[in-house]
Amino acid sequence: MVGEKQGKGVHAVRRSSWLLALPALAFLGAFFYAPFIILVWSSLVHEGSFTLRAYIDVVTSPAYLRVTYYSALIAVTTTLVTLLLSYPAARYIAFYASPKERGVLLAALIAPFWIDFLLRAYSLRVLVEAYNNVLAPLTGWRLRPGFTTLIAGMIYDYLPYMLLPIYAGLSKVPRNVLDAASTLGASGLKRLYTVEIPLAMPGIIAGIMLVSLMSFTEFVIPALLGGVKGYTVGYLIYDLFLKYRDSWHGSALTLVITATTVVVAAIVVRKLGEEVVLG
Amino acid sequence: MRKAMRIYVYVLAAVLYTPILVLALYSLSGSKYTGIWSGPTLKWYSVLLEDSEVWAALRNSLTVALASSLVSTLIGFLFAYAAVRRGFRLPFLSVYMYTPVVIPEIAEAVSLMLFFYYLAGSGVFGWLTVFIGHTAFNISYAYVTVRSQLEMLPPSIEDAAKSLGAGQYRLLRDIVLPLSAPGIIAAVMLTFITSFQDFVKTVFTTGPGFETLPLLVWSRARKGAASDLNALATLMVLWSLTAALLFSRKALGEDEKQGARVP
């Protein structure tokens, strides 16, 4: 009797928790997972027949490959430059700033994160035009939209995404371990390479992941700051769907990019997870 | 070394704010072309006030963001409650909930566009499709935010209410909801801001005649810098910074309170 009553109670709880969970499961199923199935279908079916042609085009045609290389170049450059710019700043905030200064600096460096990408890219475009109208006559050198302005825009927009994880990683490094390394005679540089950076690695990898993966599919900044040559994968997907109405190739390209992103993310997360467990 | 690093941080912060300050400065210039100074004047702000396209876009942005933030927070809260308190488990549940955050936004956006197109034709695109698109990614964010709040609540309070005879509905309404209010408010704010500023999802799920503020900025910015757009962008930047300030104040304040309550 008691067992039966308990069994019934568990059953009732299960049923009501299903009711609570159902809206989220159903909404994501209908408007996130089902659309992905449509995307896969749209990439595989052309004029009523099943074909892998779009995938072959996307991974072999020089036109697509050139755009992919250019995007990868931009993503790698953006990641490296934001990493080099962020690390010393994050290091100062984590190790040297007083608690009050730390709060102010973090707020000041993170606040642009809340301003939308589009607005930040546009403000940079205003800066470029202001420079061309005001300072270019003096310097004799005009800024044209192209690789330089594009990279400047990417760095400007992605810096907070690199800085915050690195700061989080550095702030978890125990200070006494660093002090011990110094006491035992490690020089500043040696301490940095053998103690500090390895300990802050989870944060550094998180920043590299965020910036490289997000910047790879970026299309707002290339469109506003890249000039005519600033054609990236994200921009190409935008044009394939909204300009050329070629959803067949558009879907294939989107899926190839998404699969690459997910595989890279999964590998890094797995490695990172192991490192965190071992360390 | 330390001093050099300190100078560097302040220079970096100054560089980050330069474009925004230049933008704000030129929104006060009387000339139509950026970089040619005359003024200061507020005339571009009054041009904005009379721009019916801007008002329509603002209304669209506000209604979509409000509806999406409320609906996604409600759905996310119910799910978080089931997962944290009712022991709701399924295989691959966290993968199911977190994938929308990990997938590139553009992939989510184009798949949703195709989905709506094949399901209901090109006439369907507008407020509803944009709302659904925003809500689909907001649910995951709301869930993460509310979940962390629910996990901080000691279960003993709910156990006490239960043993004093509170039913399931009463427990949710009188105990769980008020206690997780900070997390719920944070989730509403976060999803509202995400939705209000969203561009990628919106550009693929909108239809002719439905424009939000980011879409308006996008279509005008592609034609180059212009003074009335500078004024609009300045106002949007100010609004973002205000929201950032409110949000971080709130988060910090709650941290302190939590610290005081749970020693």
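Residues numbered from 1 in each chain as written. Chains lettered and ligands numbered in written order. Predicted model: local features only at pLDDT ≥ 70, side-chain atom pairs only at ≥ 80, totals over all residues. Heavy atoms only, no water.

Novice: Hey, could you run me through the side chain of Gln149 of chain B in this one?
Specialist: One can find Gln149 of chain B in helix α6 (residues 127-152). Separated by 3.4 Å, the side chain of Gln149 of chain B and the backbone nitrogen of Gly183 of chain B make a polar contact. (Helix = DSSP H or I, 4+ residues; strand = E, 2+ residues; numbered from the N terminus. Polar contact = N/O pair within 3.5 Å; in protein donor to acceptor, adjacent residues only side chain to side chain.)

Novice: Can you help me understand the pattern of salt bridges in this one?
Specialist: Between side chains of opposite charge, a pair can form as their charged atoms come close. Applying the stated rule across the entire model yields 12 salt bridges over all chains. One salt bridge connects Arg53 of chain A with Asp57 of chain A, and the closest N-O pair in it is separated by 3.0 Å. Taken together, the residues Arg53 of chain A and Asp57 of chain A, both in helix α2 (residues 53-60) and four residues apart, mark about one turn of the helix. Across the salt bridge formed by Arg6 of chain B and Glu101 of chain A, the nearest N and O atoms sit 3.0 Å from each other. Taken as a pair, Arg6 of chain B in helix α1 (residues 2-26) and Glu101 of chain A in helix α4 (residues 99-110) lie in two separate chains rather than in one. Its relative accessible area of 40% is what places Arg6 of chain B among the partly exposed residues. Overall, the relative accessible area of 13% leaves Glu101 of chain A in the buried class. It is possible to trace a salt-bridge network through shared partners that takes in Asp51, Glu53, Arg220 and Asp228 of chain B. (Salt bridge = Lys/Arg side-chain N within 4 Å of Asp/Glu carboxyl O. Buried < 20%, exposed > 50% of the residue type's maximum accessible area, 1.4 Å probe, protein only.)

Novice: Would you mind going over the confidence of the model for chain B with me for this structure?
Specialist: Close reading of the predicted structure is inappropriate where its pLDDT is low. Residues and elements named next belong to chain B. Scored by pLDDT, chain B comes out at a mean of 86, with 94% of its residues at no less than 70. Note that residues 256-263 has pLDDT below 50 and, in this model, two contacts with residues that lie over four places away or in other chains. Here the complex is predicted with pTM 0.84, and the ipTM for its interfaces comes to 0.84. (pLDDT = per-residue confidence, 0-100. Contact = heavy atoms within 4.5 Å.)

Novice: Can you walk me through unusual backbone geometry in this structure?
Specialist: Most of the time, phi is negative for any residue but glycine, and the peptide bond is trans. A positive phi angle is found at Glu47 of chain A, which is not glycine, with a value near 50°. Relative to the assigned elements, Glu47 of chain A resides in the loop between β1 (45-46) and β2 (49-50).

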